[in-house]
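# Observations on the three-dimensional arrangement
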Amino acid sequence: MSESAALAKALAAQLGTDLDRILGSESTEAPVFEMAEAPPVGLELRQVAGLNAGYTQSLPPGKHHFGTDSNSDAGDARTKAFTLTVTDDLDVFMTTDVNVRIDGIVTKTKTRITRQVIDAGSARFVVAQSKPPARRRGGNGARVATTKPATPTVQRIRISEFLEEEAPTPSAKRRRFGKRGADRATDQTQRPLIDRILSVRADWVQHERNRFPDPGLLKQMAMATEDHRGYLEPGDDDFAVVPVAYGDLTWQPPIDRPDRIPAQYVAEVQQHSILPSVPLFADLKNGHLGIVGNREACLAVARQIALTLRVLSPVDAITFSLLRSEGAVNDWAWLDQLSAGTGMGMPIMFFDGMRQVSEHGMRQSLIEPDTGGGIIIDDQLHDIPSLCGTVLEIQPSGSAALLDFRRGSTTTRVATPLGFDPETTHDISQYLRGI
């Protein structure tokens, strides 16, 4: 017997029956080891448009109610009601009894939500995975990443590839009096042409939505270190370009022969000739912006514009200035919390009413080229179009229209303005100041 074995035998003799109590009873089964589960992926609802955009709420499994009478802070009193149901597998389904749109389509049935935008009237939302913002700059201040997505490759849709499959059935050739070909019933299960159009369109929709961080991500960038912001510099295509609303943009499907689209699909192709619920931008490098409507709504959009510019561009690249009346000091106190800039950056000038333009003799300066970006807020259109290339007109319902006076057209008549409330503005300003 070895020395160690003898020592163990002697110890057992001394402990007697207490050995099992001290060491535990012997198990006849091999020990079982469980692998630690990966941390679950969190889902969240992000409000991407509305006058209190930037609101974010986590979505654990269960039912979550939003909109009218929901007691949720998402949206406002005018936001249409809808319910999100999150399964244990983190699948999300939306139900609603009102005209809530999902990527531009009104739905009254239970619908699975993935990357679509939920348009509830005065507010729009996305469901996204919660994740930290990407690093934009290195420790030496140099940009290390870009958020500008590559433009989708134009995928030409050749009608000749679909004509045989899409040809009307013999019975459809028998035309009834007063009924157009586009009005005839079609087989909705055989739609390769429409499916192809929707597939191509989806790439362009995501491209537009990914051009800029949504308000929730913008807030996360402000909360993070300086390495996560200030990446759009003078000379970049998107420098001084800011989102002001979410809405539909006209889009032309890349069909080689539109004149040969089967008659029964013409109306549906026209219906899909938009990019639904994408950001609508104002380019302050190439024109001034007018914001017209209720004063509080206009101020909310102005706050969002200033904070977005301050987060996305270096401080020395943008210089803020303001013309207001003495009685409006409190309305613009938030702007004092932001760095005005070094004075050498591109001028961004806020005008609290057309009266400020006239009283300070600024009309001629605003007409001249390369004078910076002017942002004029007022409760009436007046002669704002003569100075501003783009006007955002906010309606009492919470919707908006974006007018492009450089082209003499309306970019979109049904949009949702993008603004920040005072609380969100204060929070982001504090983070930018390092408090």
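Residues numbered from 1 in each chain as written. Predicted model: local features only at pLDDT ≥ 70, side-chain atom pairs only at ≥ 80, totals over all residues. Heavy atoms only, no water.

### Considering the pattern of salt bridges
- What the rule picks out here adds up to 15 salt bridges.
- Arg46 is the salt-bridge partner of Asp214, the closest N and O atoms lying 3.1 Å from each other. Taken together, the positions of Asp214 in the loop between α4 (192–209) and α5 (215–223) and Arg46 in strand β1 (residues 43–49) put the pair 168 residues apart, joining distant regions of the chain. As far as burial versus exposure is concerned, Asp214 and Arg46 are alike and both buried.
- Between Glu359 and Arg355 there is a salt bridge, with the nearest N and O atoms lying 2.5 Å from each other. Pair noted here: Glu359 and Arg355 are both in helix α9 (residues 354–359), with a separation of four residues, about one helical turn.
- Under the relative-accessibility criterion, Glu359 is labelled partly exposed at 48%. (Salt bridge = Lys/Arg side-chain N within 4 Å of Asp/Glu carboxyl O. Helix = DSSP H or I, 4+ residues; strand = E, 2+ residues; numbered from the N terminus. Buried < 20%, exposed > 50% of the residue type's maximum accessible area, 1.4 Å probe, protein only.)

### Thoughts on the side chain of Gln116
- Tracing the chain through its elements places Gln116 in the loop between β8 (111–113) and β9 (117–119).
- With relative accessibility at 15%, the residue Gln116 sits in the buried group.
- Among the polar contacts made by the side chain of Gln116, one reaches the main-chain carbonyl oxygen of Arg112 at a distance of 3.1 Å.
- Only 2.5 Å separates the side chain of Gln116 from the backbone nitrogen of Thr114, close enough to count as a polar contact.
- When near neighbours in sequence (up to four residues on either side) are disregarded, Gln116 contacts Ile102, Asp103, Phe125, Val126 and Arg209. (Polar contact = N/O pair within 3.5 Å; in protein donor to acceptor, adjacent residues only side chain to side chain. Contact = heavy atoms within 4.5 Å.)

### Let's talk about the pairing of strand β5 (residues 92–95)
- Here β5 shows one buried face, formed by Val92 and Met94, and one open face, formed by Phe93 and Thr95.
- Of the strand pairs in this sheet, strand β4 (residues 82–86) and β5 are connected by four bridges, and their pairing is antiparallel. Its bridge partner being in β5, Thr83 is matched across the sheet by Thr95.
- With three bridges connecting them, β5 and β8 associate as antiparallel partners. Bridged to Val92 within β8 is Ile113. (Pairing = 2+ DSSP bridges.)

### What to know about the sheet that holds β5
- Spatial strand order, β3-β4-β5-β8: four strands in an open sheet with antiparallel pairing. Bordering the open sheet on either side are β3 (62–66) and β8, each of which pairs with just one other strand. Mean inter-strand twist for the sheet, computed between neighbouring axes without regard to direction, equals 30°. (Axes fitted to C-alpha atoms, helices over the stretch in contact; angles between N-to-C directions.)

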